[in-house]
Amino acid sequence: MVTLGLIGFGTIAREVVSAFPPDAVRWVALLREGAGTPLPPNVSAVTRLDALIGVRPRAVVEAAGQEAVAAYAPALLEAGIPTVIASVGALSDPGLAARLAGASRNGGARFVLPSGALGGLDYLRAIAALPDARVRYTSRKPPAAWAAELNSAGLSADNGAITLFEGTPTEAARLYPRNLNAAFAVALAAGAGKVTVRVVADPKAAGNTHEIEAESAAGTASFRFVNAPSPDNPKTSALTALSLVAALGELLDLEGHR
Ligand SMILES: NC(=O)C1=CN([C@@H]2O[C@H](COP(=O)(O)OP(=O)(O)OC[C@H]3O[C@@H](n4cnc5c(N)ncnc54)[C@H](OP(=O)(O)O)[C@@H]3O)[C@@H](O)[C@H]2O)C=CC1
Ligand SMILES: O=C([O-])CC(=O)C(=O)O
């Protein structure tokens, strides 16, 4: 029986837990005071970070949000606990990125940034060294997924696609902290200065679609991920939890815990 930790117990965390045999893992989830979330029998809750650190989980998965990364991940790493971070957009804050790197060194614990809702990041990492590399990332979702943003801008995408945002990955991660983590994963791979980001509400979008177009001296590439939504949260791709499970499995193998 291995003890693993979670930060948050929402859509992604629930899917991560259900991917492991219940008799092989005891999960401890750090929740907010009074969260009242129903938990499966092999998941217990704590509301303080020191209580999570106290059970010495082999690894922790953050699936709560960018604020939770800032609040908890550095201390987990300092305590020597490897951490998988879903909310990779948190690293758009250079101060936090430096704190994570320092805590990882001090504690001797890895932090893992999974590919999340997309893939192809190995290609982007390879061309990052080329000075002429340019990458365009587009998040394309049906108008229903952007209903609040369309309403507040007084826009309707019923009759055609509307670009809600165009700018840098850092601006995107800050403006859409719960939905543009994938854009920042692209930025971390290719280098933020090489990437432009677009957010499109499109009545023809088949699902949560992520498009990456890359151009450099090494050639051109285009990736398109048409993701099925998570049943509990249509703005989150079901692929994200699968990616966290894969990253966690790899981490446990590296650390010799499986
Ligand atoms: N890398 C990628 O490609 C992707 C990354 N993500 C990231 O994953 C996060 C989680 O996604 P998802 O599971 O769909 O979201 P949900 O809203 O379904 O779940 C988030 C959970 O985290 C809890 N939570 C939030 N803040 C804290 C905190 N400070 N301490 C403890 N618990 C907290 C929430 O609890 P409460 O009810 O108390 O608010 C909720 O239970 C997203 O916010 C996003 O940052 C998501 C999709 C793709
Ligand atoms: O799950 C998705 O499709 C993308 C997402 O929410 C994110 O990048 O934060």
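In this text, all values refer to a predicted model and were calculated from it rather than measured experimentally. (Residues numbered from 1 in each chain as written. Chains lettered and ligands numbered in written order. Predicted model: local features only at pLDDT ≥ 70, side-chain atom pairs only at ≥ 80, totals over all residues. Heavy atoms only, no water.)

Undergrad: Give me the lowdown on unusual backbone geometry, citing residues and values where you can.
TA: At Arg 56, a residue that is not glycine, the phi angle is positive and equals roughly 50 degrees. Within the secondary structure layout, Arg 56 lies in the loop between helix 2 (49-54) and strand 4 (60-62). Look at Arg 56 and you get partly exposed, because its relative accessible area is 47%. (Helix = DSSP H or I, 4+ residues; strand = E, 2+ residues; numbered from the N terminus. Buried < 20%, exposed > 50% of the residue type's maximum accessible area, 1.4 Å probe, protein only.)

Undergrad: A description of the UniProt feature "active site" (unreviewed entry) in the protein chain should follow, citing residues and the corresponding values.
TA: Feature annotation in UniProt assigns "active site" (unreviewed entry) to the following positions: His 210. Note that His 210 resides in strand 10 (residues 208-216). Not counting residues up to four positions away in its chain, the partners in contact with His 210 are Ala 117, Leu 118, Tyr 137, Thr 138, Ala 182, Phe 223, Arg 224, Phe 225, Asn 227 and Ser 237. One polar contact links His 210 to Tyr 137, side chain to side chain, over a distance of 2.7 Å. (UniProt positions renumbered as here; feature names shortened; annotations may be inferred. Contact = heavy atoms within 4.5 Å. Polar contact = N/O pair within 3.5 Å; in protein donor to acceptor, adjacent residues only side chain to side chain.)

Undergrad: Pulling in residues and values, what's your account of the environment of Gly 10?
TA: Counting through the fold element by element, Gly 10 comes out in the loop between strand 1 (2-7) and helix 1 (11-18). Its relative accessible area of 32% is what places Gly 10 among the partly exposed residues. Separated by 54 residues in the primary sequence, Gly 10 and Ala 64 place their C-alpha atoms 7.4 Å from one another.

Undergrad: Run through the sheet that holds strand 7 (residues 134-141), naming residues and quoting values.
TA: An order of 8-9-7-10-11 is seen for the five strands of this open sheet, with the pairing classed as mixed. Unpaired on one side and paired on the other, strand 8 (162-167) and strand 11 (219-227) mark the two borders of the sheet. Averaged over all pairs of adjacent strands, the angle between their axes in this sheet comes to 15 degrees, without regard to strand direction. Both strand 7 and strand 9 (residues 195-201) contribute to a ladder of seven bridges, which runs parallel. When the sheet's bridge partners are listed, Lys 141 is paired in strand 9 with Ala 201. The sheet contacts of helix 8 (residues 181-190) involve strand 7, strand 9 and strand 10, and relative to strand 7 the element is tilted by about 170 degrees. (Pairing = 2+ DSSP bridges. Axes fitted to C-alpha atoms, helices over the stretch in contact; angles between N-to-C directions.)

Undergrad: Outline the environment of Arg 174, listing residues and values.
TA: With respect to the helices, strands and loops of the structure, Arg 174 is situated in helix 7 (residues 169-175). For the pair Arg 174 and Asn 151, spaced 23 residues apart in the sequence, the C-alpha separation amounts to 20 Å. Contact partners of Arg 174, with chain neighbours within four places excluded, come to Ser 92, Asp 93 and Pro 94.

Undergrad: Give me the lowdown on the UniProt feature "domain: Aspartate dehydrogenase" (unreviewed entry) in the protein chain, citing residues and values where you can.
TA: The positions UniProt marks with the feature "domain: Aspartate dehydrogenase" (unreviewed entry) are residues 162-245. Structurally, residues 162-245 is divided into 30% helix and 45% strand, and its ends, taken at the C-alpha atoms, are 34 Å apart.

Undergrad: Could you give an account of the pattern of salt bridges, naming the residues involved and the relevant values?
TA: Counted by the stated rule, this structure contains seven salt bridges. The partner of Asp 50 in a salt bridge is Arg 48, with the nearest N and O atoms 2.5 Å apart. The residue Glu 211 makes a salt bridge to Arg 224 at a minimum N-O spacing of 3.9 Å. Taken together, the residues Glu 211 in strand 10 and Arg 224 in strand 11 connect sequence positions 13 residues apart. The network of salt bridges with shared partners includes Arg 140, Asp 202, Glu 211 and Arg 224. (Salt bridge = Lys/Arg side-chain N within 4 Å of Asp/Glu carboxyl O.)

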